[in-house]
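As a plain string of letters, each chain reads:
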Amino acid sequence: MAEAADIQGTGPSPARRWLRRTITVAFGAPLLAGLLQAPATSSPAAAAEDATVSKTVDVSLDTLAPSAPVEGDTVTITGTVTNRSKKTVTDATVDLRVGPQMTSRSEIEQLTGRTGYRPYSDPAPLDDAPTVKIPRLNPGLSADFSLSVPVSDLGLDEAGVYQLGVSLTGQTPDHRYDRVLGIERTFVPYQPEATEKRTQLTYLWPLISSAHVSAETATDDQQTPVFEDDALAAELKPGGRLDELVSLGKDLPVTWVVDPDLLASVDAMANGYRVKDGTLHVPGKHQALAERWLDSLEKAVQGHKVVALPFADPDLASLAHRGKDVPGSLGHLQSATALAGTTVETILHVQPATDFAWPVDGAVDPSIVAVATSAGADKVIARSDSVRDDLPYTPTAARPFSNGTTAVVSDALLSTTFEGDMVRTENSTLAVQEFLAQSLAITLEQPEDQRSVVVAPQRLPTVAQAQTMATALRGLSAKRWSQPSDLLAAAAAKPDPDASTAVPAGSRYPKKLRDRELPVQAFRDMKTTRDELDDFKVILTAQYRVVPPFTNAINREMSTSWRGQARAAALYRINVLEYLQTLTEGVELVDKSDLTLSGRSATIPVTVQNKLLQDVHLVLRLTSGSKNRLNLNGERYKELPVKISGGHSQSVKFSASANVNGQVPMTAQLYTEDGTPYGQPMTFTVKVSEITATVMLVIAGGVLLLVLAGVRMYSQRKRVAARNAEAEAAEDTAPEETEPQPESGVDPEAGPGSDTPRKPEAASEQPDAGEPEQASDPTPDTGPESGDPSGTGEKVDR
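Residues numbered from 1 in each chain as written. Predicted model: local features only at pLDDT ≥ 70, side-chain atom pairs only at ≥ 80, totals over all residues. Heavy atoms only, no water.

Q: Would you mind going over the overall build of the chain in detail, with residue names and values included?
A: When helices and strands are tallied, the chain shows 20 helices and 29 strands. Out of the 798 residues in the chain, the part that is buried amounts to 45%. Carbon and sulfur atoms make up 52% of the accessible area of the chain, which totals about 41,000 Å². (Helix = DSSP H or I, 4+ residues; strand = E, 2+ residues; numbered from the N terminus. Buried < 20%, exposed > 50% of the residue type's maximum accessible area, 1.4 Å probe, protein only. Areas by Shrake-Rupley, 256 points an atom, 1.4 Å probe, with all protein chains shown as cover.)

In structure tokens:
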């Protein structure tokens, strides 16, 4: 009014002019100071200082509800401010700042990574919006806040994504004027009405775990599986990771992506299992828990699409880059793929899709695509940071690759939104708002065209990550700019003609992923185990007790879950191979000592022991080291079939013929029926001591002479005894005075040392006068029998 008066020519009084100058000086000085400081504030150095100062206080946004407001809603924001400095903050105010509409997805991405206050880009506080006063905030302390504002006061002019900031403005002892000491930014997706063309959004819900089952089984008829540990139970219990995924997923519009090995492992638990405890196997205690989880999962997947990955979720990139040149490696992928469908159908009673391959993080190159499709899959789940599109909008996920392969390219920004630490409420809230903002931005890029977008999150989401993903999907439940779809429909969608169909070159494969791949040695270990299993199974009569557990274990050795766990992966492979070798060594040759063979022919026994619980059938070959000295039925070696019952031993006898005396080395070796050596050979020595016909005649003559000599000696002794008896009888009847006899009763003419009795002189013994006198018996032709042992050169065959 004063200026108007001046214009109208009615000048003010002197007193009024003095008052006006006073007021001008009083209020103009701060304004002038602000104007003089304005250029400095807009300089890069001042901006950097403001960014640093604005980190004095940490502003945390805990909740933002509703996450996607519409007209008539009231947005409520709660959070915490924490003084991270060593200075006390005074006269602080928490207020809201709503920026202009975001124009692109890249702008949203850039804002997500921004920290600190930036006066040249951050909007001013909302006028007439509620604020929270914090008079004093000491170092290290926190204060909670809650702000509620009607959507009509946010200044949201039209549908779109808007920046929403919550800042704290206050003073510190060294700066006695208001400055922004902390700020946090998020997004408000605003779409009050449904768009004409809504984006078809497919969200994959991964149900995958790490390997827990070993190759070992109990000895009972049920072949109770043995687990490496009981850690899987922690994921299945209420509140556990796998339990939470099932509880959340049953009410969400998702496509279940399942590892059949997980289902098989839990099913094994439900039917009774054992757990390694040092060198022992103790009964598992969570059978009921596994039954409950499987029952919940079977109900949860009803009405949803289910995709079965190859058994144990093999690492396709590792196989393509490190393993395909190791013979037999691709065969593991084929067996894992063949097992997938039947496992899921048997346990969950649903028919899964088995023609999808999912490389780690969706990173592909020509070798990965070739390996992924070698086992029958014709669809590869890739990611947009690998298959890049140079387009100003987000194209439909499906596009054709060469050789009839369909690439389903998931959106990288949406797929990686929830990979951080979602335990903190602030991180979870910001991730949800970013996800909703990006999904709305996709629709608004080309609102006249409907596109299909796929989200493939991390394989092993934590409990907090799963809960955050569920919150984000519930934020889309109003279906104002998107509608749910499934992976099968996404793969069948009409491709965008401008989308890239070129497979990225191998040089573009991320180094950080390549460095975490399984080494070549891992695939060599798998080959060793497979080769030994092939040699072992052919001798078994009940292969089903051995082959499936080891085949599944080899598939687990190739699992994607081993990334980043090189030591644990190597230990698992070692345990599988050592257990297989323990079984194969259960069928072996029993060590044999050296033999002595007397005669031209003999039988050589070789014993085979079977410690297994089932019958085995092999071929035993015995080989002579010298056919000319000792042969087996005229040949250098002889083979005989062997069938041994479980837990028993069997002696196999070989007929041998000797030709020449001496030592002959012999080798016994087990073979499978197809001629493959089995186990280690056993060697022993046979000493041949041949006995000819002449030797036999000499020995027979000697024996005959000994017999005849014995008979003669017996006869002589009998005659002597008879003569002694007659002499005694005659002596009893003779007169007392007789001719003295020698005391010994031995004929003195017989000579010293003779045990021949003297002849009696009885009348009956005297020859007749008319007969010639009979000559005495000749001296025996053999010496007396000796009790000494035979000489060392003597050998009597008995």
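Alright, that's what it looks like, and here's the rest.
Q: Account for the pairing of strand β16 (residues 379–383), with residues named and values stated.
A: Among the 5 residues in β16, 5 count as buried, and that is most of the element. In this structure, strand β15 (residues 356–357) lies alongside β16, joined through 2 bridges in parallel fashion. Across the sheet, residue A357 finds its bridge partner in β16, namely V380. Once you follow β15 into helix α11 (residues 366–372) and on to β16, the crossover reads as right-handed. Sheet analysis places β16 next to strand β18 (residues 406–410), joined by 5 bridges and oriented parallel. The residue of β18 that forms the bridge with K379 is T406. (Pairing = 2+ DSSP bridges. Right-handed = clockwise from strand over helix to strand, strands pointing away.)

Q: Any details on the environment of S148? Residues and values, ideally.
A: You can see S148 is positioned in strand β5 (residues 142–150). You can call S148 partly exposed: its relative accessible area is 37%. Between the C-alpha atoms of S148 and A65, which are 83 residues apart in sequence, the distance is 9.5 Å. When near neighbours in sequence (up to four residues on either side) are disregarded, S148 contacts T74, V75, T76 and P130. Polar side-chain contacts of S148 include one of 3.1 Å to the side chain of T76. (Contact = heavy atoms within 4.5 Å. Polar contact = N/O pair within 3.5 Å; in protein donor to acceptor, adjacent residues only side chain to side chain.)

Q: Give a detailed account of the packing of helix α9 (residues 316–323) against helix α10 (residues 329–348), specifying residues and quantitative values.
A: As a packed pair, α9 and α10 sit with axes 10 Å apart at the nearest point and diverge in direction by 160°. Taken as axis vectors, α9 and α10 run roughly antiparallel relative to one another. In this structure, α9 crosses over α10, and the sense of that crossing is left-handed. The residues of α10 that touch α9, namely those facing L316, L319 and G323, are S329, L330 and L333. Among the residues forming the contact of α9 with α10, the class breakdown is 4 nonpolar, 2 polar and no charged. (Axes fitted to C-alpha atoms, helices over the stretch in contact; angles between N-to-C directions. Parallel < 35°, antiparallel > 145°, perpendicular 65-115°, else oblique. Left-handed = near helix turned anticlockwise from the far one by under 90°. Nonpolar A, V, L, I, M, F, W, Y, C, P; charged D, E, K, R; others polar.)

Q: Which residues make up the packing of aromatic side chains, and what values do they have?
A: Using the criterion set out here, one finds 6 aromatic pairs in the structure. On the numbers, 5.4 Å between centres and 40° between planes, the contact of F418 with F435 is tilted. Placement of the pair is F418 in the loop between α12 (412–415) and α13 (425–445) and F435 in helix α13, with a sequence separation of 17 residues. For the pair F418 and F435, a shared accessibility class is recorded, and that class is buried. On the basis of an interplanar angle of 15° and a centroid distance of 5.7 Å, the ring pair of F550 and Y579 is categorised as stacked. Note that F550 is positioned in helix α18 (residues 547–557) and Y579 in helix α19 (residues 566–584), a separation of 29 residues in sequence. By relative accessible area, Y579 is classed as buried at 19%. (Phe/Tyr/Trp six-rings, centres within 6.5 Å; stacked < 30°, edge-to-face > 60°.)

Q: Requested: an account of the sheet that holds strand β3 (residues 89–101), with residues and values cited.
A: Strand order across the open sheet formed by 4 strands is β4-β3-β6-β7, with antiparallel pairing between neighbours. With one partner strand each, in any of the chains shown, β4 (132–137) and β7 (175–190) form the two edges of the open sheet. Across this sheet, the average inter-strand angle for adjacent strands is 25°, counted without regard to direction. By the bridge criterion, 8 bridges tie β3 to strand β6 (residues 160–172) in an arrangement that is antiparallel. Bridge pairing links Q101 to Y162 in β6. Strand contacts of helix α4 (residues 105–112): β6 and β7, with the helix running at about 140° to β7, the strand carrying the most contacts.

Q: Any chance you could break down unusual backbone geometry for me, citing the residues and the numbers?
A: Backbone torsion omega between A65 and P66 reads -5°, so that peptide bond is classified as cis. Relative to the elements of secondary structure, P66 occurs in the loop between β1 (57–65) and β2 (74–83). Notably, D361 is not glycine yet its phi reads approximately 55°, a positive angle. The residue D361 is located in the loop between β15 and α11 in this model. According to the relative accessible area criterion, D361 is partly exposed, its value standing at 33%. For N633, which is not a glycine, the phi torsion comes out positive at approximately 55°.

Q: Can you break down α9 residue by residue, with the values?
A: Buried residues dominate α9, accounting for 6 of its 8 residues. Within α9, the full set of buried residues consists of L316, A317, S318, L319, A320 and G323. At the N-terminal boundary of α9, the capping side chain belongs to D315, with an oxygen 3.3 Å from the backbone nitrogen of A317.

Q: Go over the confidence of the model for the chain, please, and point to the residues and values.
A: Within the chain, residue pLDDT values average 85, and 83% of them lie at 70 or more. The model gives residues 1–42 a pLDDT under 50, and that stretch makes 13 contacts with residues more than four places away or in other chains. Long-range and interchain partners of residues 734–798, a stretch whose pLDDT sits below 50, account for 31 contacts in this model, where long-range means more than four residues apart. (pLDDT = per-residue confidence, 0-100.)

Q: Could you give an account of the pattern of salt bridges, with specific residues and numbers?
A: Summed over the entire model, instances satisfying the criterion amount to 28 salt bridges. For D295, the salt bridge goes to K299, with nearest N and O atoms at 3.3 Å. Linking D295 with K299, this pair stays in helix α8 (residues 287–300), spanning 4 residues, or about one helical turn. E639 serves as the salt-bridge partner of R621, at 2.5 Å between the closest nitrogen and oxygen. Taken together, the residues span a long stretch of sequence, with R621 in strand β24 (residues 616–624) and E639 in strand β26 (residues 637–644) at a distance of 18 residues. Taking relative accessible area as the criterion, R621 reaches 21% and is therefore assigned partly exposed. For E639, a relative accessible area of 32% corresponds to the partly exposed category. Connected via shared salt-bridge partners are D315, R322, E517 and R563. (Salt bridge = Lys/Arg side-chain N within 4 Å of Asp/Glu carboxyl O.)

Q: Explain the sheet that holds strand β28 (residues 662–671) to me, using residue names and the numbers behind them.
A: Strands sit in the order β22-β29-β28-β24-β26 across an open sheet of 5 strands; the sheet is mixed. Single-partner strands in this sheet number two, and they are β22 (595–598) and β26. Neighbouring strand axes in the sheet, compared pairwise and without regard to direction, differ in orientation by 30° on average. In terms of strand pairing, β22 meets strand β29 (residues 677–689) through 4 bridges, oriented parallel. Bridging from a neighbouring strand, L597 pairs with V688 of β29.

Q: Can you explain empty space enclosed by the protein? Please cite residues and give values.
A: A complete count under the given rule lists 3 cavities of 30 Å³ or more for this structure. As a volume, the largest cavity reaches approximately 60 Å³. When contributions to the lining of the largest cavity are tallied by element, the ones reaching two or more residues are α10 and β15. In terms of residue class, the lining of the largest cavity is built from 8 nonpolar, 3 polar and no charged. (1 Å grid on protein atoms, 1.4 Å probe; cavity = no way out; pocket = protein on both sides within 12 Å on 5 of 7 lines; lining within 4 Å. Points joined across faces, edges and corners; volume = space filled by probe spheres on them.)

Q: Give a description of the environment of A363 that names residues and reports values.
A: Looking at the secondary structure, you find A363 in the loop between β15 and α11. Every residue in contact with A363, bar those within four places of it in the chain, is listed here: I368, S386, Y509, P510 and L513.

Q: Provide a residue-level description of the side chain of T396, including the pertinent values.
A: One can find T396 in the loop between β16 and β17 (398–400). Judged by its relative accessible area of 7%, T396 falls in the buried class. One polar contact links the side chain of T396 to the main-chain amide nitrogen of S452, over a distance of 3.4 Å. The residues contacting T396, other than those within four sequence positions of it, are R451, S452, A493, K494 and D496.

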